[in-house]
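Structural features, examined
Below, each chain spelled out in residue letters.
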Amino acid sequence: MIGEKTSKIFPVSLLGAQHPAKNESDELVLKGIPSSPGIAFGKAFVLKPEVLIIPNIQIPPEKIPNEIERLESGLQAMINEIQTALDKVKSESQNISAILETNLLILNDEYILNSIRERIKNCFSAESAVIQEYDNQIKFFKNSMDNILQERSYELEHLRDKLLANIRKKITSYKIPENSIIVAQAITPTDVVNFKESKVKGIITEAGGIASHSSLLARSFEIPSVIGVRDALKLIKRKDCVLIDGYAGLITINPCDESKKLFEERISKESSHKRELGELIKLPSITLDGVPIKLLANIDSPDDVKSAILVDSDGIGLVRTENLVMSLKRFPDEEEQFTWYKEIADRAYPNPVVLRAFDIGSDKYLEGLPHLEKNPALGFRGIRFLLHREDIFSNQLRAFLRASANKNLKIMLPMISTISEIEQSKAILEKCKNELREKDIPFDINVPLGIMIETPSAALLADRFAEVVDFFSIGTNDLTQYTLAVDRSNELVTDLYDTFHPSVLKLIKGIVDAAKSRKIPVSICGELAGHAAATNFLVGIGIDELSVPPVILLELKKRIRELKFKKAKKTAKDIISSSSSSDLMKLLEII
Ligand code: PEP
Ligand code: MG
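Residues numbered from 1 in each chain as written. Chains lettered and ligands numbered in written order. Predicted model: local features only at pLDDT ≥ 70, side-chain atom pairs only at ≥ 80, totals over all residues. Heavy atoms only, no water.

As for the overall build of the protein
Of the regular secondary structure elements, the protein holds 23 helices and 17 strands. Going through the 591 residues of the protein one by one, you find that 53% of them count as buried. The long-range share in the protein, meaning contacts at least 24 apart out of those at least 6 apart in sequence, stands at 68%. (Helix = DSSP H or I, 4+ residues; strand = E, 2+ residues; numbered from the N terminus. Buried < 20%, exposed > 50% of the residue type's maximum accessible area, 1.4 Å probe, protein only. Contact = heavy atoms within 4.5 Å.)

What about the coordination of the magnesium ion (ligand 2)?
Of the protein atoms, only Glu454 (OE) and Asp478 (OD) coordinate the magnesium ion (ligand 2), at distances of 2.0 to 2.2 Å. Of this pair, Glu454 sits in the loop between strand S14 (449-453) and helix H16 (456-460) while Asp478 sits in helix H18 (residues 476-484), and the two are 24 residues apart along the sequence. Here the two residues Glu454 and Asp478 agree in accessibility, since each one is buried. (Donors = N, O, S within 2.8 Å, 3.2 Å for Na, K, Ca; no water.)

Focus on the pairing of strand S13 (residues 409-413)
Taken across its five residues, S13 has four buried, putting it largely inside the fold. Looking at chain direction, strand S12 (residues 353-356) and S13 are connected through four bridges and run parallel. The residue bridging Val354 from the neighbouring strand is Lys410, located in S13. Where S13 lies against S14, three bridges are found, and the strand directions are parallel. What sits directly across from Leu413, in S14, is Ile451. Note that the unit made of S13, helix H15 (residues 419-438) and S14 has a crossover that is right-handed. (Pairing = 2+ DSSP bridges. Right-handed = clockwise from strand over helix to strand, strands pointing away.)

A look at the pattern of salt bridges
All told, the structure shown has 35 salt bridges when counted by the stated rule. Here the salt bridges do not stand alone but share partners, grouping Glu322, Arg356, Asp359, Arg381, Asp478 and Arg488 into one network. (Salt bridge = Lys/Arg side-chain N within 4 Å of Asp/Glu carboxyl O.)

Overview of the environment of Thr476
Within the secondary structure, Thr476 sits in helix H18. Of the residues examined, Thr476 reaches a relative accessible area of 1% and is grouped as buried. With 52 residues separating them along the chain, Thr476 and Leu528 place their C-alpha atoms 6.3 Å apart. Excluding its chain neighbours within four sequence positions, the residues that come into contact with Thr476 are Tyr497, Thr499, Ile508, Ile524, Gly526, Glu527 and Leu528.

What about the packing of helix H6 (residues 189-197) against helix H7 (residues 213-220)?
The contact between H6 and H7 brings their axes to 8 Å, and the two run at 20 degrees. The angle between H6 and H7 places the two elements in the roughly parallel class. Considering how the two elements wind past one another, H6 and H7 form a crossing that is right-handed. Across the interface between the two elements, Pro189, Val192 and Val193 from H6 touch His213, Ser214, Leu217 and Ala218 from H7. (Axes fitted to C-alpha atoms, helices over the stretch in contact; angles between N-to-C directions. Parallel < 35°, antiparallel > 145°, perpendicular 65-115°, else oblique. Left-handed = near helix turned anticlockwise from the far one by under 90°.)

Let's talk about H15
Between the first and last C-alpha of H15 there are 29 Å, a value that for 20 residues agrees with the 28 Å anticipated at 1.5 Å per step. Burial in H15 covers these residues: Glu421, Ile422, Ser425, Ile428, Leu429, Cys432, Lys433 and Leu436. On an axial view of H15, the arc spanned by its buried residues comes to 145 degrees, and they lie on one face. The inward-facing, buried residues of H15 abut helix H13 (383-388), helix H14 (390-403), S13, S14 and helix H17 (462-465). One or two residues past the end of H15 sits Asp440, with phi positive at roughly 60 degrees. (Expected span 1.5 Å × (residues − 1). Arc of directions from axis to C-beta.)

Regarding the nonpolar core
Phe393, Ile451, Phe472, Ile508, Ile511, Leu538 and Leu546 are the most contacted members of the largest nonpolar core, which has 94 residues in total. Considering every element that reaches this core, the biggest residue donor is helix H19 (residues 502-517), with eight residues. Not counting chain neighbours up to four residues away, the residues in contact with Ile511 comprise Ile453, Ala459, Ala462, Phe472, Ile474, Leu479 and Val522. Core analysis: the second largest hydrophobic core is formed by 47 residues, Ile96, Leu107, Leu113 and Phe221 among them. (Core = buried A, V, L, I, M, F, W, Y, C linked by side-chain atoms within 4.5 Å.)

A short note on unusual backbone geometry
What you tend to see is this: most non-glycine residues have negative phi, and most peptide bonds are trans. Pro350 follows Tyr349 through a cis peptide bond whose omega is 5 degrees. Within the fold, Pro350 resides in the loop between helix H12 (334-348) and S12. Although it is not a glycine, Glu222 adopts a positive phi angle of roughly 55 degrees. Relative to the elements of secondary structure, Glu222 occurs in the loop between H7 and strand S7 (225-227). Looking at Glu222, the relative accessible area reads 48%, which means it is partly exposed. Although it is not a glycine, Lys519 adopts a positive phi angle of roughly 60 degrees.

Comments concerning the packing of H14 against H15
The N-to-C vectors of H14 and H15 enclose an angle of 60 degrees; their axes lie 9 Å apart at closest approach. Taken together, the axes of H14 and H15 are oblique relative to one another. Where H14 crosses over H15, the two elements pack in a sense that is right-handed. Residues Glu390, Phe393, Ser394, Leu397, Arg398, Leu401 and Arg402 of H14 form the contact with H15, whose own contacting residues are Ser425, Ile428, Leu429, Lys431, Cys432, Lys433, Glu435 and Leu436.

Quick notes on the sheet that holds strand S10 (residues 294-299)
The eight strands lie next to each other as S10-S11-S12-S13-S14-S15-S16-S17, forming a closed barrel whose pairing is parallel. Averaged over all pairs of adjacent strands, the angle between strand axes in this sheet comes to 25 degrees, irrespective of strand direction. Contacting S12 and S13, H14 runs over the sheet at an angle of about 160 degrees to S13. Each of S14, strand S15 (471-474) and strand S16 (522-524) is contacted by H19, which is oriented at about 165 degrees to S15, the strand it contacts most.

Comments concerning helix H21 (residues 550-561)
Between the first and last C-alpha of H21 there are 17 Å, a value that for 12 residues agrees with the 16 Å anticipated at 1.5 Å per step. The set of residues buried in H21 consists of Pro550, Leu553, Leu554, Leu556, Lys557, Lys558, Arg559 and Ile560.

Focus on the confidence of the model for the protein
Of all residues in the protein, 89% have pLDDT values of 70 or greater, and the mean over the chain is 86. Taken as a whole, residues 1-22 scores under 50 in pLDDT and shows 60 contacts with residues more than four places along the chain or in a different chain. (pLDDT = per-residue confidence, 0-100.)

Comments concerning the pairing of S14
Counting buried residues in S14 gives five out of five residues, a clear majority hidden from the surface. Residues Leu449, Ile451 and Ile453 point to one face of S14 and Gly450 and Met452 to the other, with burial holding for every one of them. Across four bridges, S14 lies against S15 in parallel orientation. Residue pairing for S15: Met452 is matched across the bridge by Ser473.

As structure tokens, then:
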């Protein structure tokens, strides 16, 4: 078995090249990209892709009405399928429903549908017409400079294939046996909802991106998943016994007895571990030697506050407000924003809430705003966009201020790289405060203003920035991307995206020191905050707060309660002074 040592962590960078490894038994180990953490064990349920249909089958004119009818009934069947999935997830978070609604919007797109109908009227079969039109759209997305749009092209491919299967009435009403591990070329978000209902244990796909909607759903439903597994459909047969490790991205087919035993031990540890976590809810987040670390939650919508409360978080450390823009597909007005922010503030009260101003641009690209850029991660993003669109920024700041009347809100600026960006923002905030004063609208006059530290320039000048703001929150996702010059959403360089790179750790330590010397609070809200291998280091360098997705908050609390600050401080010192990557990994207990 390969990769056992790395299985408790996520960085793909440590896992070497992708290749099947065979040992003396029939056991075969494949490696892919870990896309939803967790481990599971079950029988393979292989979903064979549709046989390719030739895209230019002609039909005689008298068959046109029949083909139109086949299109409409296939389409309706597929819409019904998604609608049923939507009903199933109604009680889950808004984000999950939004993903399925996006699929419905694509299917119902009148432009695409009319063009398919036109092609049928020009004597092409329903299938050929669908392929021609969808492939046109797919080509457009694939050629986009924007990675997220490129990723959406896979989603269109999956929708196309599903629609074709529906037209041919090939939507096999197969029953997936409980505890199966799905093996597929690709899957749609609707499939993931159905898998959850069928109590599927794991998902393996040949295609797919880590940021795709299907991966996102698998993570929300806590179904372990590994994507990008080359030749999975060729190598895994129906009913093969499969072990899936969604932490390390490893698949073991027909494991030998020893591998099975090891895996069973890990699964049973994982489930007793989950039980233990429940008992931690009411216990304080404090190290063995009495150092408290605040644990906050990262959320995307008012609905998510519920999950933060369930794990008794100390507040909300990051609200990604751009999600509101993306779900509406336009910028909301001040009133709409006020209602949304106020709901979050009220639900979390009296705990604090950090509202981040819209981080529009780059991977959070919103169609049409801003226009396509050649290098969006280095372009018109976050604070740069907001300062350019003062109207949008002021609307948001006024809504923030109005929602702050109960004094549990903080405002945070994204993507800061210069002092002048902070000064300009402060001036706009002051203007907004005056406008509200003139109208006698109440707000917190001392609402704290903080910044994300997520660019190397902000990290290197943190001591100066600390003089002009009230708090820092370190965005390790972007800090890693910009420090290592590795695009965080580009699959081709996933292996180089290493949040544990010594340069990134050194910058984090510098930011924390700068905040400490100026006595302002500093937290981390990037993925590193919740990473098992990072807790020792982060506590050791003196971080005050960590903000993570609610689902992993208790895991983090458990690790904090098991460590000693004094020892962590020494380890952090050794980590910062270690010059070799292997020393560093040993200290982080990655190897
Ligand atoms: C980050 O960059 O670490 C961060 C928390 O912000 P986002 O992931 O939303 O860019
Ligand atoms: Mg960021």
